[in-house]
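# A look at the structure
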Amino acid sequence: MPKILIVGGGYAGFYTAWKLEKHLRKGEAEIVVVDPLPYMTYLPFLPEVAAGSIEPRHSVVSLRRHLKRTRVIAAKVTGIDHANKTAMIAPNGGEAYDFDYDQIVVTAGSVSRTFPIPGIADNAIGLKSIEEAVAVRDRLIANFEQAASLPKDSELRKRLLTVVVVGGGFAGIETFGELRSAASALLAKFPEISFDETQFHLIEAMGRIMPEVSLETSKWVLKDLAKRGAYVHLDTQVADATDGVVKTNTGEEYPSDLIIWTAGVMANPQVVGGSDLPREPRGRITTQADLRVIDADGNVLEGAWAAGDVAAVPDKTGGLPDGTCVPNAQHAVRQAKRLAKNLAAVLRGEATVDYFHKNLGAVAGLGIGTGVFQSGKFALKGFLAWGAHRGYHGLAMPTWERKWRVLWGWWHNFFLGRDQVQLQTTQEPRAFFEAYASRPKPKVEEAPAAEAPKADSTAKVEAEAK
Ligand SMILES: Cc1cc2nc3c(=O)[nH]c(=O)nc-3n(C[C@H](O)[C@H](O)[C@H](O)COP(=O)(O)OP(=O)(O)OC[C@H]3O[C@@H](n4cnc5c(N)ncnc54)[C@H](O)[C@@H]3O)c2cc1C
C-alpha cells in the first residue's frame with residue numbers, strides 16, 4: 001500500500017486526511033498524520049477564546065476522534081529528505097527516527113513573524129495557538145483581580161490595566177475588539193476599577209487597518225473601536241518593549257502587562273528549513289495550481305504536495321502581488337479538499353484539476369454585538385455583521401460534534417453571560433499539593449571517625465608545646 005505522510009494536522013492537514021479517508025477505497029493507501037498536537041485548532045475562534053466567549057476545548061478538533069482511518073503520530077517532523085522519500089520524525093519525549101513514505105503532504109502552517117525589537121521576544125505573546133489564547137484570557141482577568149486591590153495612583157495598577165496589541169491585520173483587530181469587549185464586561189464585576197482606567201492601544205505600522213476590507217469599512221472600525229475606548233495608532237511602530245514598556249517611534253510610552261503580537265506570519269521555519277523541498281523568496285514551498293510541489297524551473301517533484309500557510313499556491317483569480325494565495329483559512333480548507341481529490345487521482349493514474357477559489361469576502365467579530373462583513377463592494381457593519389460572523393464560523397467549524405459544542409456555548413452565554421473565571425494556577429498544578437505534601441525526613445549523616453594523628457604531626461605538636 002502506498003504510504004501518504006501528512007506533516008501537520010491543522011486546517012489543511014486535517015481536511016486533507018479527512019477527505020482522503022472519503023475519497024480513497026479501503027486498502028488503497030495508508031494515511032499518516034504527524035503533529036505534536038492531538039488536535040486541529042480553529043484559529044478564527046482564538047480572539048473569542050481570549051475574550052471568554054468560547055470554551056478553549058470547543059475550538060479544537062480531536063484528530064483521533066474524527067480521523068477514523070488515519071494513523072496519528074504525536075511528533076514533530078524535523079527533516080524531509082524528499083530525494084530519498086524519508087522524513088525525520090521526533091516523537092514528543094522520544095528518539096527521532098526515519099520514516100519512509102511514497103507521498104508527502106506538507107501542511108505545517110505558519111508561525112508569528114517578529115522583528116528584532118528589544119523586549120518583544122521576552123515580554124509579548126502571540127495569538128496563533130489555543131494555549132496563547134487561554135493565557136491571554138487568564139492574564140486579562142488576573143490583572144483585573146490584582147489591580148482592584150492596589151491603590152488608584154499605583155503605577156503597577158495602571159500597567160495591569162493597559163493592553164497593547166501590535167498589528168492591525170484581521171487577527172489583531174479581532175483580538176483587540178474582543179478583548180476590549182471582555183474588559184468592559186469585566187468592569188461590571190469590579191466596581192473598584194473605572195472605565196477610564198482601562199487602556200487599550202493598537203500599534204499599526206501602515207496608514208490603515210484590515211487590508212481585506214474596503215478603506216471605508218476600515219475607517220468605520222477605527223471609529224467603532226475609539227467609541228468603545230480602544231485606540232488604534234496608525235503609521236506607528238514599536239521601537240522597544242524592554243521590561244514591558246512599549247515605546248513607539250512617535251515618542252509614546254505604554255507600560256503594559258499584556259502585549260500581544262499579531263503583526264504577520266511566516267511559513268513554518270522548522271519544517272521548511274529542514275527540508276530539501278524548493279521554496280520561494282518568502283520561505284514558502286512552491287507548488288503549481290494542482291498543489292503538487294514544483295522546483296524553480298516548474299518541474300513537478302513526484303510524490304510531494306503542499307497547502308495552507310506553508311505553501312505558495314498560485315491564485316488563478318489574482319491574489320497577492322506575486323500571484324499566490326493569501327495565507328488564510330478560506331484557502332487552506334479549499335486547497336486541502338482539492339489536494340485530497342488530486343492525490344487520489346494521481347494514485348489511480350488520473351488527471352489532476354487546478355485549485356481555483358474566488359474570495360468569498362471577509363467577516364470579523366469585534367466583540368459581542370459588533371463586527372464587519374465585506375464582500376466586494378457590499379459591506380455590513382455592527383450587529384448584523386456580528387451575526388454573520390457567528391453564523392459563518394459556527395457552521396464552518398469542522399464536524400457536527402464540534403459545531404454543536406460551540407453553538408451551545410454561545411446559547412448558554414446569551415443567558416448566563418460569558419464565563420469570567422481565570423484558571424492561571426493550572427500553569428503550576430502541583431504547587432498546592434507540593435506545599436503540604438509530606439516528605440521523607442532527611443537522613444542524619446554519621447560523623448566520620450576521628451583519624452589517628454600522623455607520627456610527624458604528633459612530633460610537631462609536641463615540639464610547639466615545649
Ligand atoms: C487569530 C487568528 C484569526 C484568524 N482568523 C481567520 C479568519 O477569520 N478567516 C480566515 O480565512 N483565516 C483566519 N486566520 C488564518 C487561518 O487560521 C490560517 O490561515 C490557517 O489556520 C492556515 O492553515 P494551515 O493548515 O496552513 O496551518 P495551521 O492551521 O496553523 O496548522 C499547522 C499545523 O502544523 C503543525 N506543526 C507545526 N510544526 C510541525 C512539525 N514540525 N511537524 C508536524 N506538525 C507541525 C501545527 O501543530 C499545526 O497543527 C486566522 C488566524 C489567526 C491566528
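Residues numbered from 1 in each chain as written. Predicted model: local features only at pLDDT ≥ 70, side-chain atom pairs only at ≥ 80, totals over all residues. Heavy atoms only, no water.

## Some remarks on the overall build of the protein chain
Per the secondary structure count, the protein chain includes 14 helices and 25 strands. Projected onto its principal axes, the C-alpha positions of the protein chain cover 110 × 60 × 45 Å. Put simply, the protein chain has 466 residues, and 48% of those count as buried. Put simply, of all contacts in the protein chain between residues at least 6 apart along the chain, 70% involve residues at least 24 apart. Across the protein chain, the mean location of the 54 positive side-chain charges is 8 Å away from that of the 54 negative side-chain charges. (Helix = DSSP H or I, 4+ residues; strand = E, 2+ residues; numbered from the N terminus. Buried < 20%, exposed > 50% of the residue type's maximum accessible area, 1.4 Å probe, protein only. Contact = heavy atoms within 4.5 Å. Lys, Arg positive; Asp, Glu negative; His and termini not counted. Charge placed at Lys NZ, Arg CZ, Asp CG, Glu CD.)

## Some words on the site of the ligand
Around the ligand, a shell composed of 32 residues is seen, among which Ala-12, Asp-35, Val-77, Asp-309 and Ala-329 lie nearest. Between the ligand and Val-77 there is a distance of 2.9 Å, counted from a nitrogen atom to a backbone nitrogen or oxygen. Burial of the ligand by the protein amounts to 88% of the accessible area it has alone, namely 1,000 Å². Counting only elements with at least two residues in the shell around the ligand, the list comes to α1 (11-23), β2 (30-35), β5 (70-81), α9 (269-273) and α10 (329-347). (Near = heavy atom within 4 Å. Polar contact = N/O pair within 3.5 Å; in protein donor to acceptor, adjacent residues only side chain to side chain. Areas by Shrake-Rupley, 256 points an atom, 1.4 Å probe, with all protein chains shown as cover.)

## Comments concerning the nonpolar core
Among the nonpolar cores identified, the biggest contains 107 residues, and Leu-5, Ile-80, Val-106, Phe-144 and Met-210 are the most heavily contacted of them. The residue makeup of this core includes at least three contributed by each of domain 1 (3-37 + 74-112 + 266-347) and domain 2 (120-263 + 361-416). Apart from the residues lying within four places of it in its own chain, the contact partners of Leu-5 are Val-32, Val-34, Ala-87, Phe-99, Tyr-101, Gln-103, Ile-104 and Val-105. Of all hydrophobic cores here, the second largest spans 12 residues; its members include Val-164, Val-238, Ile-259 and Trp-261. (Core = buried A, V, L, I, M, F, W, Y, C linked by side-chain atoms within 4.5 Å. Domains from an automatic or database assignment.)

## Observations concerning the pattern of salt bridges
With the rule as written, the count across this model stands at 20 salt bridges. Where Arg-71 meets Glu-30, a salt bridge forms, and the shortest distance between an N and an O atom there is 3.6 Å. Placement of Arg-71 in strand β5 and of Glu-30 in strand β2 is noted, with a sequence separation of 41 residues between them. When its relative accessible area of 23% is taken as the criterion, Glu-30 is described as partly exposed. Here the residues in one salt-bridge network are Arg-65, Glu-401, Arg-402 and Arg-405, joined through shared partners. (Salt bridge = Lys/Arg side-chain N within 4 Å of Asp/Glu carboxyl O.)

## Quick word on the side chain of Asp-138
Note that Asp-138 resides in helix α5 (residues 130-148). In this structure Asp-138 is buried but unpaired, with Arg-137 as the nearest side chain of opposite charge at 4.9 Å. Setting aside chain neighbours within four positions, we find Asp-138 in contact with Val-421, Gln-422, Leu-423 and Gln-424.

## Focus: helix α11 (residues 383-396)
The end-to-end C-alpha separation of α11 is 20 Å, in line with the 20 Å expected for 14 residues at 1.5 Å each. Taken residue by residue, α11 has Ala-385, Trp-386, His-389, Arg-390, His-393 and Gly-394 as its buried positions. Within α11, the buried residues cover an arc of 160° as seen down the axis, which keeps them to one side. Facing away from the buried side of α11 by more than 90 degrees, the exposed set consists of Leu-384 and Leu-395. Elements in contact with the buried residues of α11: α2 (46-50), α7 (170-187), β23 (362-365), β24 (371-375), β25 (378-381) and α12 (400-416). (Expected span 1.5 Å × (residues − 1). Arc of directions from axis to C-beta.)

## A closer look at a nonpolar patch on the surface
A surface patch of nonpolar side chains, about 1,100 Å² in accessible area, is lined by Leu-395, Trp-400, Trp-404, Trp-408, Trp-411, Phe-414, Phe-415 and Leu-416. Residue Leu-395 is classed as exposed on the basis of its relative accessible area of 52%. (Patch = residues over 30% accessible without salt bridge, like charges linked within 9 Å, V, L, I, M, F, W, Y side chains within 5 Å.)

## Some points on the sheet that holds strand β11 (residues 162-166)
With parallel pairing, five strands are arranged side by side in an open sheet as β10-β17-β11-β12-β13. Bordering the open sheet on either side are β10 (124-126) and β13 (230-233), each of which pairs with just one other strand. Recorded for the sheet is a direction-independent mean angle of 25° between the axes of neighbouring strands. In this sheet, β13 lies alongside strand β12 (residues 199-203) in parallel orientation, the contact comprising four bridges. By the bridge assignment, Ile-203 is partnered in β13 with His-233. Seen against the sheet, α7 touches β11, β12, β13 and β17 (258-261) and runs at an angle of roughly 180° to β12. (Pairing = 2+ DSSP bridges. Axes fitted to C-alpha atoms, helices over the stretch in contact; angles between N-to-C directions.)

## Brief notes about the packing of α1 against α10
Helices that pack against each other are described as a pair by the angle of their axes relative to one another and the distance between those axes. Remark: α1 packs on α10, axes separated minimally by 8 Å, with the N-to-C direction vectors making an angle of 35°. The two elements α1 and α10 meet at a crossing, and its hand is right-handed. Contact residues: Tyr-11, Ala-12, Tyr-15, Thr-16, Lys-19, Leu-20 and His-23 in α1; Ala-329, Ala-332, Val-333, Ala-336, Lys-337, Leu-339, Ala-340, Lys-341, Leu-343 and Ala-344 in α10. In terms of residue class, the contact of α1 with α10 is made up of 12 nonpolar, two polar and three charged. (Left-handed = near helix turned anticlockwise from the far one by under 90°. Nonpolar A, V, L, I, M, F, W, Y, C, P; charged D, E, K, R; others polar.)

## Points about the environment of Phe-373
Its location among the elements puts Phe-373 in strand β24. Along the backbone, Phe-373 and Gly-387 are 14 residues apart, and their C-alpha atoms lie at a distance of 9.8 Å.

## Details of the domain arrangement of the protein chain
Its domain assignment divides the protein chain into domain 1 (3-37 + 74-112 + 266-347) and domain 2 (120-263 + 361-416). It is Tyr-15, Ser-112 and Gln-330 that lose the most area in domain 1 upon contact with domain 2, and together they represent 52% of the buried surface on that side. On inspection of domain 1 and its partner domain 2, the count reaches zero salt bridges. Linking domain 1 to domain 2 there are two residue pairs in polar contact (both at pLDDT 80 or more). The set of elements that each furnish at least two residues to the side of domain 1 that touches domain 2 consists of α1, β9 (110-112) and α10. For the side of domain 1 that touches domain 2, the class distribution of residues is five nonpolar, three polar and two charged. (Buried area = accessible area lost by both parts, 1.4 Å probe.)

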